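Chain and residue survey
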Amino acid sequence: MSNGDSSAPVEMGEEYVVDVESIGEEGDGVAHVDDFVVLVPEGEMGDRVQVRIARVESDYAMAEVVDHESDVA
């Protein structure tokens, strides 16, 4: 179920402000939207970033950074 699992609280193309809470096994930042895992490439622990959802899987989403903390309200 890729690119739009209907049970996910995020949608492909939508933007969210997230806090990177940890670093995953592959080195991506790990954030959450409504307890749903959002992976943030090149995210560092403690970052607050605005992301755009690039891909949605059944148990996680991949995002791309749009803005960093200094630019996020």
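Structural data are supplied above this passage.
These lines cover the structure that appears in this document, whether it is placed above or below. Think of each chain on its own: its residues are numbered from 1, step by step along the sequence as written. With the structure being a predicted model, the display of local features is reserved for residues of pLDDT at least 70 and the display and counting of side-chain atom pairs for 80 or more, all residues being used for whole-chain, interface and lining totals. Think of the side-chain values as coming from all heavy atoms in the structure, minus any hydrogens and water.

So, the sheet that holds strand β4 (residues 36-40)
Note the threshold: Being paired, for any two strands, means DSSP has found at least two bridges between them. For the purposes of this entry, the term helix denotes a DSSP run of H or I that reaches at least four residues, the term strand denotes a run of E that reaches at least two, and both are numbered from the N terminus.
Strands sit in the order β1-β5-β6-β4-β3-β2 across an open sheet of six strands; the sheet is mixed. Each end of this open sheet is capped by a strand with a single partner; those strands are β1 (15-19) and β2 (22-23). Summarising the sheet, β4 and strand β6 (residues 61-67) pair through two bridges and their orientation is parallel. Each bridged residue has a counterpart across the sheet, and for L39 the counterpart in β6 is M62.

Some words on the pattern of salt bridges
We apply this condition: Put simply, a salt bridge is a Lys or Arg side-chain nitrogen that is within 4 Å of an Asp or Glu carboxyl oxygen. Burial status follows relative accessibility: with a 1.4 Å probe on protein chains alone, a residue under 20% of its type maximum counts as buried, one over 50% as exposed, and anything between as partly exposed.
The full count for this structure, using the stated rule, is four salt bridges. Close ionic contact of R48 with D19 constitutes a salt bridge, the shortest N to O distance being 2.9 Å. Of this pair, R48 sits in strand β5 (residues 48-56) while D19 is found in strand β1, placing the two residues 29 residues apart along the sequence. Among the residues examined, D19 registers a relative accessible area of 33% and is labelled partly exposed. In this structure, E64 and R52 form a salt bridge, with 3.1 Å as the shortest nitrogen-oxygen distance. Of this pair, E64 sits in strand β6 while R52 is found in strand β5, placing the two residues 12 residues apart along the sequence. Classification of E64 as partly exposed rests on a relative accessible area of 36%. A relative accessible area of 30% places R52 in the partly exposed class. Connected through salt bridges with shared partners, the residues E15, R52 and E64 form a single ionic network.

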